[in-house]
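# Commentary on secondary and tertiary structure
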Amino acid sequence: MTLTFNRETYGSLLNQYQPKVIKTDEENEQAITLAEELSHRVNRTLEESALLDLLIALIEKYEDEHYPMGESTAHSMFLHLIDAQNVKEDELVAILGSREVVSQVMSGKQEITQEMAKVLGNFFHVDSSLFEN
């Protein structure tokens with residue numbers, strides 16, 4: 001069974017939702033809400049999938065222009081994961097060995113070694129290469 005793309009149905013969806021280049025945070029939030037609704041829709045049609053792809057492209061364009069992601073460093077990734085996972089200093093001491101090492105790494109005074117990268121990768125459940133400069 002081959003599914004076919006129906007231009008009339010797609011045209012109707014475009015007319016209903018009227019996607020356009022996103023220029024404000026409010027428009028971005030509206031596009032994100034619609035994209036989330038479409039992405040969670042059970043039995044999404046080909047036309048709805050095409051609209052979802054369009055919305056994602058528009059959202060990515062807006063966010064790349066308005067919220068550019070700078071080059072991340074091993075140190076910034078380390079700090080981000082600590083914050084995102086609400087990790088306490090004592091947990092880091094347990095895996096890195098001492099409060100002084102944790103303090104030095106957190107402040108950026110000591111680089112993350114390959115050994116530390118492996119331990120941190122396991123601890124945070126991420127690829128250890130995120131901690132390598």
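An unreviewed UniProt entry annotates the protein chain as Transcriptional regulator originating from Nostoc cf. edaphicum LEGE 07299.

## Digging into the overall build of the protein chain
Helix and strand counts for the protein chain come out as seven helices and zero strands. Helices (α) and strands (β) of the protein chain occur, in sequence order from the N terminus, as α-α-α-α-α-α-α. At 22 Å, the protein chain has a C-alpha radius of gyration far larger than the 14 Å of a compact globule built from 133 residues. With respect to the three principal axes, the spread of C-alpha positions in the protein chain is 65 × 40 × 25 Å. Counting only contacts in the protein chain whose residues sit at least 6 apart along the sequence, the fraction spanning at least 24 positions is 62%. By element, 50% of the accessible surface of the protein chain is carried by carbon and sulfur atoms, the whole surface being about 9400 Å². Side-chain charges in the protein chain split into 10 positive and 24 negative, and the spacing between the mean points of these groups amounts to 2 Å.

## Description of the pattern of salt bridges
Summed over the entire model, instances satisfying the criterion amount to six salt bridges. A salt bridge links E65 to K61, with the shortest nitrogen-to-oxygen separation between them at 2.7 Å. Highlighted residues: E65 and K61, both in helix α3 (residues 46-66), separated by four residues, approximately one helical turn. Look at K61 and you get partly exposed, because its relative accessible area is 41%. In this structure, D90 and R99 form a salt bridge, with 2.8 Å as the shortest nitrogen-oxygen distance. Assessed through its relative accessible area of 45%, R99 is described here as partly exposed. Through salt bridges that share partners, E37, R41 and E48 make up one connected network.

## Observations concerning the packing of aromatic side chains
Within the structure shown, the criterion is met by three aromatic pairs. On the numbers, 5.3 Å between centres and 55° between planes, the contact of F5 with Y10 is tilted. A residue is classified by how much of its surface remains accessible, and Y10, at 18% relative accessible area, is buried. Residues F124 and F131 carry aromatic rings whose centres are separated by 6.1 Å and whose planes lie at 35° to one another, so their mutual orientation is tilted.

## Examining a negative patch on the surface
A cluster of like negative charges, contributed by D25, E29, E36, E60, E63 and D64, occupies part of the molecular surface. Those elements that place two or more of their residues in the negative patch are α2 (25-39) and α3. Here E29 lies in helix α2. Judged by its relative accessible area of 48%, E29 is partly exposed.

## Some thoughts on the side chain of E47
Structurally, E47 can be placed in helix α3. For the buried E47, no salt bridge exists, and the shortest N-O distance to an oppositely charged side chain is 9.6 Å, to R7. E47 has contacts with T4, F5, N6, T9, Y10 and L13, leaving out every residue within four places of it along the chain.

## Overview of helix α5 (residues 89-96)
Every buried residue of α5 is listed here: L92, V93 and L96. Looking straight down α5, one finds that the buried residues subtend no more than 105° of arc, so they occupy a single side. Facing away from the buried side of α5, by more than 90 degrees, are the exposed residues D90 and A94. Of the surrounding elements, those touching the buried residues of α5 are α4 (74-84), α6 (99-107) and α7 (114-124). Where α5 terminates, the next one or two residues include G97, which has phi positive at roughly 105°.

What counts, and where the lines are drawn
- Residues numbered from 1 in each chain as written.
- Predicted model: local features only at pLDDT ≥ 70, side-chain atom pairs only at ≥ 80, totals over all residues.
- Heavy atoms only, no water.
- Helix = DSSP H or I, 4+ residues; strand = E, 2+ residues; numbered from the N terminus.
- Rg over C-alpha atoms; globule rule 2.2 N^0.38 Å.
- Contact = heavy atoms within 4.5 Å.
- Areas by Shrake-Rupley, 256 points an atom, 1.4 Å probe, with all protein chains shown as cover.
- Lys, Arg positive; Asp, Glu negative; His and termini not counted.
- Charge placed at Lys NZ, Arg CZ, Asp CG, Glu CD.
- Salt bridge = Lys/Arg side-chain N within 4 Å of Asp/Glu carboxyl O.
- Buried < 20%, exposed > 50% of the residue type's maximum accessible area, 1.4 Å probe, protein only.
- Phe/Tyr/Trp six-rings, centres within 6.5 Å; stacked < 30°, edge-to-face > 60°.
- Patch = residues over 30% accessible without salt bridge, like charges linked within 9 Å, V, L, I, M, F, W, Y side chains within 5 Å.
- Arc of directions from axis to C-beta.

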